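# Understanding the architecture of this molecule
If you want the building blocks of each chain, they are given just below.
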Amino acid sequence: MTRYQSAKEIYAKYGVDTDAAIEKLKTVPVSLHCWQGDDVIGFDHDGPLTGGIQTTGNYPGKATTPQQLFEDMDKVISLCPGAKKINVHACYAIFGEDGFVDRDKLEPRHFKKWVDFAKERKMGLDFNPTFFSHPMVKNGLTLSSPDENVRKFWIEHGKACIRISEYFAKETGYPCVMNIWTGDGLKDIPADRYAPRMRYKESIEAILAEPFDKNLVKPCVESKVFGIGVESYTVGSAEFTLSFAATHDGCLPLMDNGHYHPTEVVSDKIPALLCYYPEIALHITRGVRWDSDHVLLFDDETKEMAKEIVRCDALDRVYMALDYFDASINRIAAWVVGFRSWQKALLSALCTPNDALKKLQDNAEFSKLMAMQEEIKTLPFGDIWEKYCERCGVKNAFFDQIEKYEKEVLSKR
Ligand code: RNT
Ligand code: ZN
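Residues numbered from 1 in each chain as written. Chains lettered and ligands numbered in written order. Predicted model: local features only at pLDDT ≥ 70, side-chain atom pairs only at ≥ 80, totals over all residues. Heavy atoms only, no water.

What follows deals with the overall build of the protein chain. Looking only at helices and strands, one finds 14 helices and 12 strands in the protein chain. Taking 2.2 N^0.38 as the reference for a compact globule, 413 residues should give roughly 22 Å; the C-alpha atoms of the protein chain span a radius of gyration of 22 Å, in line with that estimate. Oriented by its inertia axes, the alpha-carbon framework of the protein chain measures out at about 70 × 55 × 40 Å. Burial status across the protein chain gives 55% buried among its 413 residues. Across the protein chain, contacts joining residues at least 24 apart in sequence account for 79% of those joining residues at least 6 apart. (Helix = DSSP H or I, 4+ residues; strand = E, 2+ residues; numbered from the N terminus. Rg over C-alpha atoms; globule rule 2.2 N^0.38 Å. Buried < 20%, exposed > 50% of the residue type's maximum accessible area, 1.4 Å probe, protein only. Contact = heavy atoms within 4.5 Å.)

Structure follows, in structure tokens:
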């Protein structure tokens, strides 16, 4: 008997069909963020990363051209099991011979190469307007700026991004999740918390006034508790964005699990939001002490988030995207370890006897529930994971491939 057969029988005793879990996971798309490849820089500016986010480290070999980024993403895709979408930021526009245009003038044609890349790999695309790393960020503000010209510039950017998102959806055949996040905020005690939020609200409304098909474009608003240099106040707080999404038809809330107070957990927030929203979106990351965007691991809270999505039967209601950036290690390894960690979390959730556990809770059999939850932690999950990798045509052990790619490609850059 193979290890997989043996593991499958063990899981079957708990009422879990591991073959069904594997087949299910193969159909669930997870969005792979292009910005892990070059430390969130993009192709449309020479300046630094701003917006209160930061990458640390200077590991050699980062992608500096679209060709290099595509090549790296292909390597990542080849090493990761599971269905993927590609998540693109507007600052990754690829300008052809007719040259640069500013963010308020972006057009679908500036992203044609991304569309070709996705279509060739039969993947969907997600999109993000880039409200940072740009001279029109004035005093740390964009859509909430008191300067009307600043707001107008960024509203035009947002509208352009809606048009590009719709183009992505039409071209690929998959809906495009378009996430609005700004780093707008204040370093020190505000004199006015209300007016910037009202301006932010009106600006997002102006962006969403751009006509689009709600089945094709899924606009989201992402909240944040603080950023570097904006420690005292963020305009797009949790309450602000949740209320915005709740009151604007077709707009989804997006929760990034790095964006809350350290003892808050997004795993608990997922089922709360699913009571009210038909669809929600996630940025999945790992914060260490703060919103540090460390590489995602197969750790307890990651598992708990995946469990909630699966046991709420919401795999088709939650748009899942990775969002972290580590410049201190091999960037391909960072991408692959993080993507695989979320795949492991989802597979592990799909191999959990959720119905049996729910029954114990409803029957108030709490001693047995605790014992069972502990018991299943040591089931032979590794053998199911190995089989999943094999059925997706990848190997569990992948690091030799990273070393080879570093030697042959990255070290020559
Ligand atoms: C920043 C937000 C945001 C960005 C990306 C690059 O804290 O998480 O989602 O990470 O847009
Ligand atoms: Zn995020």
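This part covers the coordination of the zinc ion (ligand 2). The coordination sphere of the zinc ion (ligand 2), as far as protein atoms go, consists of Glu222 (OE), Asp256 (OD), His283 (ND1) and Asp323 (OD), spread over 2.1 to 2.2 Å. Of note is the zinc ion (ligand 2), whose six donor atoms meet at the metal with angles of 72 to 174 degrees in an arrangement that counts as octahedral. Read in sequence order, the donor residues for the zinc ion (ligand 2) give the motif E-x33-D-x26-H-x39-D. Of this pair, Asp256 sits in strand 8 (residues 252-256) while His283 sits in strand 9 (residues 280-284), and the two are 27 residues apart along the sequence. Like Asp256, the residue His283 is buried in the burial classification. (Donors = N, O, S within 2.8 Å, 3.2 Å for Na, K, Ca; no water. Tetrahedral: all angles 85-135°; square planar, octahedral: opposite > 155°, others 65-115°.)

Here we come to the packing of aromatic side chains. Under the criterion given, the structure shown has 16 aromatic pairs. Relative to Phe117, the ring of Phe70 has its centre 4.7 Å away and its plane inclined at 20 degrees; by these criteria the two rings are stacked. Taken together, the positions of Phe70 in helix 3 (residues 66-79) and Phe117 in helix 4 (residues 112-120) put the pair 47 residues apart, joining distant regions of the chain. Phe117 shares its class with Phe70; the two are buried. Each member of the aromatic cluster is reached from another via a ring pair, and the members are Phe111, Phe127, Tyr167 and Phe168. We note Arg121 situated over the ring of Phe117; from NZ or CZ to the ring centre the distance is 3.8 Å. Lying over the aromatic face of Phe298, Lys303 brings its terminal NZ or CZ to 4.5 Å of the ring centre. (Phe/Tyr/Trp six-rings, centres within 6.5 Å; stacked < 30°, edge-to-face > 60°. Lys NZ or Arg CZ within 6 Å of the ring centre and 35° of its normal.)

This part covers the site of ligand 1. Close contacts around ligand 1 come from 13 residues, with His89, Glu222, Lys224, His259 and Asp323 the closest. Side-chain polar atom of His89 to an oxygen atom of ligand 1: 2.7 Å apart, as the coordinates give it. Between Asp256 and ligand 1, the recorded distance is 2.9 Å, taken from a side-chain N or O atom to an oxygen atom. Look at ligand 1: alone it shows 300 Å² of surface, and the protein chains cover 99% of it. In terms of residue class, the shell around ligand 1 is built from five nonpolar, three polar and five charged. (Near = heavy atom within 4 Å. Polar contact = N/O pair within 3.5 Å; in protein donor to acceptor, adjacent residues only side chain to side chain. Areas by Shrake-Rupley, 256 points an atom, 1.4 Å probe, with all protein chains shown as cover. Nonpolar A, V, L, I, M, F, W, Y, C, P; charged D, E, K, R; others polar.)

The tendency in soluble globular proteins is for nonpolar side chains to be buried side by side. In this structure, Trp114, Trp342 and Leu347 are the most contacted members of the largest nonpolar core, which totals 124 residues. Ignoring sequence-local partners within four residues, the contact set of Trp114 consists of Cys34, Phe43, Leu69, Phe70, Met73, Ile86, Val88, Tyr92, Ile94 and Leu125. In terms of nonpolar packing, the next biggest core, distinct from the first, is built from six residues, Cys220, Leu252, Leu254 and Tyr319 among them. (Core = buried A, V, L, I, M, F, W, Y, C linked by side-chain atoms within 4.5 Å.)

The next subject is unusual backbone geometry. Even without glycine at this site, Asp293 takes up a positive phi of about 55 degrees. Looking at the secondary structure, you find Asp293 in strand 11 (residues 290-294). For Asp313, which is not a glycine, the phi torsion comes out positive at approximately 55 degrees. Here Asp313 shows up in the loop between helix 9 (300-311) and strand 12 (318-322).

A separate point is the environment of Ala90. Relative to the helices and strands, Ala90 resides in the loop between strand 2 (84-89) and helix 4. Overall, Ala90 belongs to the buried group, its relative accessible area being 0%. Distance in space between the C-alpha atoms of Ala90 and Thr234 is 22 Å, their sequence separation being 144 residues.

This part takes up the pairing of strand 6 (residues 217-222). Counting buried positions along strand 6 gives six out of six residues, so the element sits mostly inside the fold. Residues Val217, Pro219 and Val221 line one face of strand 6 and the alternating positions Lys218, Cys220 and Glu222 line the opposite face, and both faces are buried. Bridging between strand 4 (residues 176-180) and strand 6 involves five bridges; their strand directions are parallel. Looking at the pairing, Ile180 lines up with Val221 of strand 6. Note: strand 6 against strand 8, three bridges, orientation parallel. Within the sheet, the bridge partner assigned to Val221 lies in strand 8 and is Pro253. (Pairing = 2+ DSSP bridges.)

Another aspect to go through is the environment of Cys275. For Cys275, the location among the structural elements is in the loop between helix 8 (266-274) and strand 9. Residue class for Cys275 comes out exposed when judged on its relative accessible area of 61%. A C-alpha to C-alpha distance of 31 Å links Cys275 and Ala12, two positions 263 residues apart in sequence.

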